[in-house]
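The lines below spell out each chain.
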2 protein chains.
Amino acid sequence: MEKVRRVERMVAMTKLLVDSPQKLIPLNYFCDFFGIAKSTVSEDLTCVRQSMEHFQLGTLETVAGATGGVRFIPHRKGPQANDILQEVRERLTEPDRIIPGGFIYMSDILYDWHVMTRLGEIIMTRFMNRKPDYILTVETKGIPLAVMVARAFNKPLVIARRDSKVTEGSAISINYVTGSSGRIQTMTLTKRAIPANSRVLIVDDFMKAGGTAKGLMELVAEMNGIVVGTGVLVATELPNPKLIDDYEALFTFRGINETTKEINIEPVYDS
Amino acid sequence: MEKVRRVERMVAMTKLLVDSPQKLIPLNYFCDFFGIAKSTVSEDLTCVRQSMEHFQLGTLETVAGATGGVRFIPHRKGPQANDILQEVRERLTEPDRIIPGGFIYMSDILYDWHVMTRLGEIIMTRFMNRKPDYILTVETKGIPLAVMVARAFNKPLVIARRDSKVTEGSAISINYVTGSSGRIQTMTLTKRAIPANSRVLIVDDFMKAGGTAKGLMELVAEMNGIVVGTGVLVATELPNPKLIDDYEALFTFRGINETTKEINIEPVYDS
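Remember, it's a predicted structure, so these values are computed and weren't measured experimentally.

Focus on helix 7 (residues 143-153) of chain A
Residue and element names in this part refer to chain A.
At step 1: Within helix 7, 11 of the 11 residues are buried, leaving the element largely enclosed by the surrounding structure.
At step 2: Taken as a whole, helix 7 has its buried residues at Ile143, Pro144, Leu145, Ala146, Val147, Met148, Val149, Ala150, Arg151, Ala152 and Phe153.
At step 3: Looking one or two residues beyond helix 7, the residue adopting positive phi is asparagine 154, at roughly 55°.

See the structure below:
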């Protein structure tokens, strides 16, 4: 009976950890939740960590001391990343995705939380060492991906708007020129969204010339924040160079053959 | 050693299930992943289900037959729901949230994925018997909540835009009058977003008179879809009645005392 209880406790412990990626949970939380001693919690956590690492499902990080605890890191790399990228590539190359003008219809994938959770974890893993405090995107289509990156980092998401609304209090607006169409656009961010000196990771679904990303960088600069990187789902191969240098894409879009309806898009695989 | 292995397998199994809410996973997937017999998988799943139900962390649903499998349902009700609602209420009543004009600053909470995951599960649990095929919202601030509701249902999210972009192909636009300000606004939805006869759950962050929700209902009707309900985070007490009848809010906002800076907002608790 005792053995069954241990297994059941480990199930619940795993659920509580996985539910809260990157959140530091004090060991006492588990002591109270399960009514067990700290030494038992430590043993259980060692077992959870070994299992996750064995099956490449992430890892646990332990922080020692009075303010310490344990956090679940949803690492996704190597085969666990490449399988997802391959699966998304297959969906992206379906011929009926072509929209007149050389665009690809991606909304069904962008709003498929199952895929986005995993892509968010891949982006988190690739930018982990940049240690962002905030994830920044601009409305609308990049938001689900940005939510999932923010979830994987357990950091707040900040969304720049393309208009200015009174419900947000005072705001900073910038005008920027989109690199592809050359149109002037406006982006707005509420003033209290990003404190000075914050480290900001920019996330977006699509990058062509990089005008939007450059606009977001200027917005961060206006707030005295620091851009630590830009992660996008799909970047076009051309133009090259783009308006910003420091970006990473999960996919490179090389173009569409309008006759054969072939979509040429390649993942940037983990090595 | 064998016992340790079972525990480690259960940890990994829990992780895989929790990672994919509502997704039907064939038992063979676990047979292949762990290299074990189906009877062992069944035993393990029984243990996972018992543990989750014991600790009120959700449940597992088993579907028999050749196309069957198991799915994790992230139920959140009773104390597990009320504790979160109470915690969010405390944050929402902080006096520095008041914005001139009688609004409340909510963005930090709306973009806190940890809270939003849990609120999304509460909304899923409350609307579960409506069986939606799609979750619909309108840009921008309701999106993180809608993402988390969609994640808890494992259903696609559809986002109506306040403008019309070429990258989405042909689209349907409607004009609607906001109930509170009486302004005419436009909402646009790409045509292939919602197939005819789909069951649609509308999700938004804030409802005053209900004009936006009514506009979304008209947009769904234009696509021959069926609105099965409307869930919002915060609804104001007045005006009453609103432009739509069938909605449920997690919080009722009764007003702000501009002198004492008290925010009067109450959760709709689970009974």
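Still more to cover.
Examining the interface of chain B and chain A
At step 1: Facing the 57 residues of chain B at the interface are 57 residues of chain A.
At step 2: Summed over both partners, the interface of chain B with chain A comes to about 5600 Å²; 62% of that surface belongs to carbon and sulfur atoms.
At step 3: Counting the contacts that link chain B with chain A gives one salt bridge.
At step 4: Between arginine 76 of chain B and aspartate 19 of chain A there is a salt bridge, with the nearest N and O atoms lying 4.0 Å from each other.
At step 5: Summed over the shared surface of chain B and chain A, the result is 12 residue pairs in polar contact (both at pLDDT 80 or more).

Details of the sheet that holds strand 11 (residues 248-257) of chain B
Residue and element names in this part refer to chain B.
At step 1: Taken in spatial order, the six strands of this open sheet run 6-5-9-10-11-12, and their pairing is mixed. Each having just a single partner strand, strand 6 (157-160) and strand 12 (262-267) make up the two edges of the open sheet. Ignoring which end each strand starts from, the neighbouring axes of this sheet average 25° apart.
At step 2: Sheet analysis places strand 5 (residues 134-138) next to strand 9 (residues 199-207), joined by three bridges and oriented parallel. Across the sheet, the residue bridging to tyrosine 134 is valine 200, located in strand 9.
At step 3: Set on the sheet, helix 7 (residues 143-153) makes contact with strand 5, strand 6, strand 9 and strand 10 (226-236); between it and strand 5 the angle comes to about 180°.

With respect to the domain arrangement of chain A
When the parts of a complex come together, some accessible area is lost, and that lost area is often taken as the interface size.
Residues and elements named next belong to chain A.
At step 1: Considered domain by domain, chain A is made up of domain 1 (2-73) and domain 2 (79-267).
At step 2: The C-alpha centroid of domain 2 is placed 33 Å from the C-alpha centroid of domain 1.
At step 3: Listed as interface residues are seven residues of domain 1 and, on the opposing side, eight residues of domain 2.
At step 4: Of the roughly 550 Å² buried between domain 1 and domain 2 on both sides combined, carbon and sulfur atoms contribute 51%.
At step 5: The largest per-residue losses of area from domain 1 upon contact with domain 2 belong to Pro21, Gln22 and Gln56, which jointly make up 70% of the total buried on that side.
At step 6: Summed over the shared surface of domain 1 and domain 2, the result is zero salt bridges.
At step 7: Linking domain 1 with domain 2 are one residue pair in polar contact (both at pLDDT 80 or more), by the criterion used here.
At step 8: Partitioning the side of domain 1 that touches domain 2 into residue classes produces four nonpolar, two polar and one charged.

A short note on unusual backbone geometry
At step 1: With an omega of 5°, the peptide bond running from asparagine 240 of chain A to proline 241 of chain A counts as cis.
At step 2: Within the secondary structure, proline 241 of chain A sits in the loop between strand 10 (226-236) and strand 11 (248-257).
At step 3: A cis amide bond, omega 10°, links glutamate 139 of chain B with the succeeding residue threonine 140 of chain B.
At step 4: With respect to the helices and strands, the residue threonine 140 of chain B is situated in the loop between strand 5 and helix 7.
At step 5: Not every positive phi belongs to a glycine, and glutamine 22 of chain A is a case in point at roughly 70°.
At step 6: Here glutamine 22 of chain A lies in the loop between helix 1 (2-18) and helix 2 (27-34).

Digging into the environment of arginine 199 of chain A
Residues and elements named next belong to chain A.
At step 1: Turning to its location among the elements, arginine 199 is positioned in strand 9 (residues 199-207).
At step 2: Judged by its relative accessible area of 32%, arginine 199 is partly exposed.
At step 3: For the pair arginine 199 and histidine 75, spaced 124 residues apart in the sequence, the C-alpha separation amounts to 21 Å.
At step 4: In contact with arginine 199, other than residues within four places in its own chain, are Arg130, Lys131, Pro132, Asp133, Tyr134, Ile226 and Val228.
At step 5: Within polar-contact distance, the side chain of arginine 199 engages the backbone oxygen of lysine 131 at 3.1 Å.

Regarding the pattern of salt bridges
Where charged atoms from two side chains of opposite charge approach closely, those side chains can pair.
At step 1: Considering all chains together, one arrives at 31 salt bridges over all chains under this definition.
At step 2: Arginine 126 of chain B serves as the salt-bridge partner of aspartate 270 of chain B, at 2.9 Å between the closest nitrogen and oxygen. Note that aspartate 270 of chain B is positioned in the segment after strand 12 and arginine 126 of chain B in helix 6 (residues 113-127), a separation of 144 residues in sequence.
At step 3: The exposure class assigned to arginine 126 of chain B is buried, which follows from its relative accessible area of 18%.
At step 4: By sharing partners, the salt bridges in this structure join Arg91, Glu94, Arg97, Asp108 and Asp112 of chain A into a single network.

Points about the side chain of arginine 161 of chain B
At step 1: Checked against the element boundaries, arginine 161 of chain B lands in the loop between strand 6 and strand 7 (171-177).
At step 2: The contacts of arginine 161 of chain B, once residues within four sequence positions are left out, are Thr140 and Lys141 of chain A together with Glu139, Thr186, Met187 and Thr188 of chain B.

Regarding the nonpolar core
At step 1: Core analysis: the largest hydrophobic core is formed by 86 residues, its most contacted members being Leu119 of chain A together with Leu119 of chain B.
At step 2: For leucine 119 of chain A, the residues in contact, after removing those within four places along its chain, are Ile84, Leu85, Val88, Leu145, Leu233 and Leu250 of chain A.
At step 3: Ranked by size, the runner-up nonpolar core spans 48 residues in total, among them Phe34 and Val70 of chain A together with Leu16 and Val41 of chain B.

Thoughts on the packing of helix 7 of chain A against helix 7 of chain B
At step 1: Axis separation between helix 7 of chain A and helix 7 of chain B bottoms out at 10 Å; the angle between their running directions is 80°. It follows from the interaxial angle that helix 7 of chain A and helix 7 of chain B lie roughly perpendicular. Residues Ile143, Pro144, Val147, Met148 and Arg151 of chain A of helix 7 of chain A pack against Ile143, Pro144, Val147, Met148 and Arg151 of chain B of helix 7 of chain B.

Cut-off values and rules
Residues numbered from 1 in each chain as written. Chains lettered and ligands numbered in written order. Predicted model: local features only at pLDDT ≥ 70, side-chain atom pairs only at ≥ 80, totals over all residues. Heavy atoms only, no water. Buried < 20%, exposed > 50% of the residue type's maximum accessible area, 1.4 Å probe, protein only. Helix = DSSP H or I, 4+ residues; strand = E, 2+ residues; numbered from the N terminus. Contact = heavy atoms within 4.5 Å. Buried area = accessible area lost by both parts, 1.4 Å probe. Salt bridge = Lys/Arg side-chain N within 4 Å of Asp/Glu carboxyl O. Polar contact = N/O pair within 3.5 Å; in protein donor to acceptor, adjacent residues only side chain to side chain. Pairing = 2+ DSSP bridges. Axes fitted to C-alpha atoms, helices over the stretch in contact; angles between N-to-C directions. Domains from an automatic or database assignment. Nonpolar A, V, L, I, M, F, W, Y, C, P; charged D, E, K, R; others polar. Core = buried A, V, L, I, M, F, W, Y, C linked by side-chain atoms within 4.5 Å. Parallel < 35°, antiparallel > 145°, perpendicular 65-115°, else oblique.

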